[in-house]
Amino acid sequence: MDRIFSGIQPTGKLHLGNYFGAIQNWVRLQEEYNSVLYSIVDLHALTIPREPAVLRQSVLDTTATLLACGINPEKCLLFQQSQVPEHAELGWILGCLTSMPRIQSFPQWKVKNASQNSEGTVGLFTYPVLQAADILLYKSTHVPVGEDQVLHLELARDIAQHFNKKYGNFFPVPKAILSTTKKIKSLRDPTAKMSKSDPQKLGTLNITDSPEEIVLKFRKAVTDFTSEVTYDPDSRPGVSNLVTIHAAVTGLSIKEVVHQCIGLDTAHYKGIVAEAVIQKFAPIGNEIKRLQEDKSHLEKVLQAGAEKAKELASLVYQEIRRLVGFQ
Ligand code: ATP
Ligand code: MG
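Conventions adopted
Residues numbered from 1 in each chain as written. Chains lettered and ligands numbered in written order. Predicted model: local features only at pLDDT ≥ 70, side-chain atom pairs only at ≥ 80, totals over all residues. Helix = DSSP H or I, 4+ residues; strand = E, 2+ residues; numbered from the N terminus. Rg over C-alpha atoms; globule rule 2.2 N^0.38 Å. Buried ≥ 20, exposed ≤ 12 C-beta atoms within 10 Å, placed from the backbone. Contact = placed C-beta atoms within 7 Å. Expected span 1.5 Å × (residues − 1). Pairing = 2+ DSSP bridges. Domains from an automatic or database assignment. Near = placed C-beta within 6 Å. Nonpolar A, V, L, I, M, F, W, Y, C, P; charged D, E, K, R; others polar. Axes fitted to C-alpha atoms, helices over the stretch in contact; angles between N-to-C directions. Parallel < 35°, antiparallel > 145°, perpendicular 65-115°, else oblique. Left-handed = near helix turned anticlockwise from the far one by under 90°. pLDDT = per-residue confidence, 0-100.

**Considerations on the overall build of the protein chain**
Here is step 1: Secondary structure assignment for the protein chain yields 13 helices and five strands.
Here is step 2: Its C-alpha atoms give the protein chain a radius of gyration of 20 Å, within 12% of the compact-globule value 20 Å for 327 residues.
Here is step 3: Expressed along its principal axes, the backbone C-alpha trace of the protein chain runs to roughly 70 × 45 × 40 Å.
Here is step 4: In the protein chain, buried positions account for 41% of the 327 residues.
Here is step 5: For the protein chain, contacts bridging at least 24 residues in sequence account for 76% of all contacts bridging at least 6.

**Quick notes on helix H3 (residues 52-68)**
Here is step 1: For H3, spanning 17 residues, the distance from its first C-alpha to its last is 25 Å, which sits close to the expected 24 Å at 1.5 Å a residue.
Here is step 2: When H3 is considered as a whole, its buried residues turn out to be Ser-58, Val-59, Asp-61, Thr-62, Thr-63, Ala-64, Thr-65, Leu-66 and Ala-68.
Here is step 3: Looking one or two places after H3, you find Gly-70, whose phi comes out positive at around 115°.

**Digging into the pairing of strand E3 (residues 77-80)**
Here is step 1: Burial along E3 is two-sided: Leu-77 and Phe-79 facing one way and Leu-78 and Gln-80 facing the other are all buried.
Here is step 2: Looking at chain direction, strand E2 (residues 36-40) and E3 are connected through four bridges and run parallel. Among the inter-strand pairings, Ile-40 is bridged to a residue of E3, identified as Gln-80.

**Thoughts on the domain arrangement of the protein chain**
Here is step 1: Domains assigned within the protein chain are domain 1 (4-183 + 295-324) and domain 2 (208-290).
Here is step 2: Here the C-alpha centre of domain 2 lies 30 Å away from the C-alpha centre of domain 1.
Here is step 3: For the side of domain 1 that touches domain 2, the secondary-structure elements that each account for two or more residues are helix H1 (16-32) and H3.
Here is step 4: It is H3 that contributes the most residues to the side of domain 1 that touches domain 2, three residues altogether.

**Examining the site of ligand 1**
Here is step 1: Near ligand 1 lie 18 residues; those nearest to it are Thr-11, Gly-17, Gly-21, Gly-146 and Ser-197.
Here is step 2: Among the elements that line the shell around ligand 1, the one with the most residues is H1, at four residues.
Here is step 3: Taken together, the residues that form the shell around ligand 1 break down as five nonpolar, nine polar and four charged.

**Side note on the packing of helix H4 (residues 86-95) against helix H7 (residues 122-136)**
Here is step 1: Between H4 and H7, whose axes approach to 8 Å, the crossing angle comes to 120°. The angle between the axes of H4 and H7 places the two elements in the oblique class. Seen from above, H4 lies across H7 with right-handed handedness. Counting all contacts with H4, which are made through His-87, Leu-90, Gly-91, Leu-94 and Gly-95, the residues of H7 involved are Thr-126, Val-129, Leu-130, Ala-132, Ala-133, Asp-134 and Leu-136.
Here is step 2: For the contact of H4 with H7, the per-class residue count stands at seven nonpolar, four polar and one charged.

**Concerning the confidence of the model for the protein chain**
Here is step 1: Residues of the protein chain with pLDDT of at least 70 account for 98%, and the chain-wide mean is 95.
Here is step 2: Here the complex is predicted with pTM 0.95, and the ipTM for its interfaces comes to 0.99.

Set out below in structure tokens:
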């Protein structure tokens, strides 16, 4: 049976990269598949220091945002990772099947660690293994992710194969479902991806940004000294990122967008893209605000999701316990 699993970290406000790289696909897939799980992965959020109250609030805000974007708990399981303890337990088992050099080279480790100005924690180092556990715990077959997660999914595939070789064919080897939108880059540094955890606030377009913030962020977006609007991510990453965002928001192809923009200069173009973003996200932003006011509804949604996720997880995990020799 096909099963979809994906996760998002409660690490701050959701941005346009999350929307076009992940959530938009999630909404479509809940209509197309019968068994779909989406998790707010709070264990992962701890890989970087967080205030407990901020983390708790972020779980609820992420829930409100996902619901406002169209995630429907009648059509999928939406739950909080830490409410299903088997994620961490399976993470341990899979960690014992993963070699150090295999994860040492992961860019995510290097990038996030560098920004922490510390030696990094064991959790930050091994979280790709926990991600593999998140996916495999439900014997998932497909994982919708943004381009930045492709390497991590490769690891989950390798671990599944390794487990199957050692203990007998058990896990399906999960496949990535990539969104049509390529990675959205930071507006301040178009060589880096847009991220919730980016300390440069002007680089990240949040789904809940006000029209004034959106206009300001586009105005300050890094481009180059050529005024024409063209798409060439290698030599002109800044303006190409604007074109990517414009295409994602309007649903047009990159080619169509570039064709429409003949004769425009980048300063004028920034205003056009800002306006398209405001139009698309204003209704979603209003819905998020409405949902945030009803905390008990959000908690109920997560509670119901966790109960169903626990049922599925414990069935699979019981078999894993037997396979590895715990019982
Ligand atoms: P953090 O900085 O805390 O890691 P993040 O912005 O990278 O946050 P995640 O919660 O790690 O967000 O990722 C959630 C989903 O969003 C993943 O499927 C990921 O591939 C996708 N995603 C994140 N950033 C981008 C981006 N810039 N472009 C496209 N997809 C993205
Ligand atoms: Mg991330």
